Amino acid sequence: MKRSVPVNEPLLDGNEQRYISECIETGWISSEGPFVERFEQAMAARLTRRHGIAICNGSAALEVAVRALQLEPASEVIMPTFTIISCAGAIVRAGLVPVAVDCDPLTWNMDVSQLAAAIGPRTSAIMVVHIYGLPCDLDPILRLAKDHGLRVIEDAAEMIGQTYRDRPCGSFGDVSVLSFYPNKLVTTGEGGMVLADDDMLAERCRSLRNLCFKPERRFVHDELSSNYRMGNLQAALGLAQVERLDTFIERKRAIGRRYQELLSDLPSLQLPVARTDFAESIYWVFGVVLDDATPFNAVEAQKRLAERGIGTRPFFWPMHEQPVLLEMGFFAGTKCPHAERIARRGFYVPSGLALTEEQQELVSAAMHGLF
Ligand SMILES: *Cc1c(COP(=O)(O)O)cnc(C)c1O
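Residues numbered from 1 in each chain as written. Predicted model: local features only at pLDDT ≥ 70, side-chain atom pairs only at ≥ 80, totals over all residues. Heavy atoms only, no water.

1. Overview of the overall build of the chain
Move 1: Per the secondary structure count, the chain includes 13 helices and 13 strands.
Move 2: In terms of overall dimensions, the chain has a C-alpha envelope of 65 × 55 × 35 Å along the principal axes.
Move 3: Residues classed as buried in the chain amount to 56% of the 371 residues present.
Move 4: Contacts spanning at least 24 positions in sequence make up 73% of the contacts within the chain whose residues lie at least 6 apart.
Move 5: Accessible surface computed for the chain: about 15800 Å², of which carbon and sulfur atoms make up 52%.
Move 6: Charge-centre separation for the chain: the mean point of 38 positive side chains lies 2 Å from the mean point of 47 negative side chains. (Helix = DSSP H or I, 4+ residues; strand = E, 2+ residues; numbered from the N terminus. Buried < 20%, exposed > 50% of the residue type's maximum accessible area, 1.4 Å probe, protein only. Contact = heavy atoms within 4.5 Å. Areas by Shrake-Rupley, 256 points an atom, 1.4 Å probe, with all protein chains shown as cover. Lys, Arg positive; Asp, Glu negative; His and termini not counted. Charge placed at Lys NZ, Arg CZ, Asp CG, Glu CD.)

In structure tokens, the structure reads:
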């Protein structure tokens, strides 16, 4: 038995091989190939959206989604500080101003009770990001957005197959975004998708994805974009993966529940919230936070686990503490104590779909060795 446990290994044992072979046999490998639309339609149908627009990765999908909304230049977009840089990047690159909200200390999602105070006369949109396993509390967010006439960008990269009050994550934004990086619930290696219901908005996303070529005069451009297309090989993988999304979700939940059992006797460790009023965690990753009495931080814990062959990743680093964004003049004076704390005390342990029971026990033994 291998004694080391990588932080993530995907499962590719459904129709993946067959569909990829089909690409090669037919010679269809570019974004013009038939799997792209099949994948878009399968994912959109699964998440109850009218349109799916496949993109080369999730970060690019966020850029396309934000730009497609044509928000007032230099207006403000409210976002969680505890997320990946891609979210802030998409806002900044669209010529907009990110405004950060702290996270809830238990679910690590944006603290909805702080949202109203962040809305001001310059606010044009809210970017909702579901973090690690549980969806944000969407009803109050959507109500505030409606009351203030704000657009909603939903980042469901980590929540493919999760639901909020029985409705699929990825179905709530004017534009919603997915990532298919190998650690996500559905993978295409590299890939992403924008989801929308509005026909015009979807058309704008398709145009932005493809250099804003005009149908009537191909090499004459009214707007500058880039090539954000997904190839047929990636889409072939994606289609095979969507077919198995339900079993992937079950598998993730089983891994999460097992860790909850294995690690529940470690009082210094804050474990993920298993369920809220509106969802049961899908444990996209299994995050843990060291309590304040623990005499070492996440970096030290990760180092010790690595010495025992256990792969881990640190928690996100808050957006309002990013040197590059502060340098650009964003988030001046912003304080988000919960995000600042978990960024230093939190990390996540292996939870890929291919993880075995034996590997989980190895992780647990190593975690117990920390204290
Ligand atoms: C993974 C992820 C992304 C970025 O997706 P990539 O495909 O890696 O570019 C964006 N947002 C969230 C919340 C993510 O977890």
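2. As for the nonpolar core
Move 1: In terms of nonpolar packing, the biggest core is built from 83 residues, with Met43, Phe82, Met127 and Tyr132 touching the most fellow members.
Move 2: A per-element tally of this core places helix 3 (residues 58-68) first, with seven residues.
Move 3: In terms of domain composition, this core takes at least three residues from each of domain 1 (16-242) and domain 2 (245-368).
Move 4: Apart from residues no more than four positions distant in its own chain, methionine 127 is found in contact with Leu62, Val66, Val77, Ile78, Met79, Pro80, Cys87, Ile91, Met110 and Ile153.
Move 5: One finds Val5, Leu271, Leu305 and Val349 within the second-largest nonpolar core, a separate group that totals 25 residues. (Core = buried A, V, L, I, M, F, W, Y, C linked by side-chain atoms within 4.5 Å. Domains from an automatic or database assignment.)

3. Section: the domain arrangement of the chain
Move 1: Each domain of the chain was delimited in the assignment, giving domain 1 (16-242) and domain 2 (245-368).
Move 2: Each partner contributes to the roughly 3500 Å² buried at the junction of domain 1 and domain 2, and carbon and sulfur atoms together form 71% of this total.
Move 3: Interface area lost by domain 1 to domain 2 is led by Trp108, Tyr132 and Leu185, which between them contribute 21%.
Move 4: Our count for the contact surface shared by domain 1 and domain 2 stands at one salt bridge. (Buried area = accessible area lost by both parts, 1.4 Å probe. Salt bridge = Lys/Arg side-chain N within 4 Å of Asp/Glu carboxyl O.)

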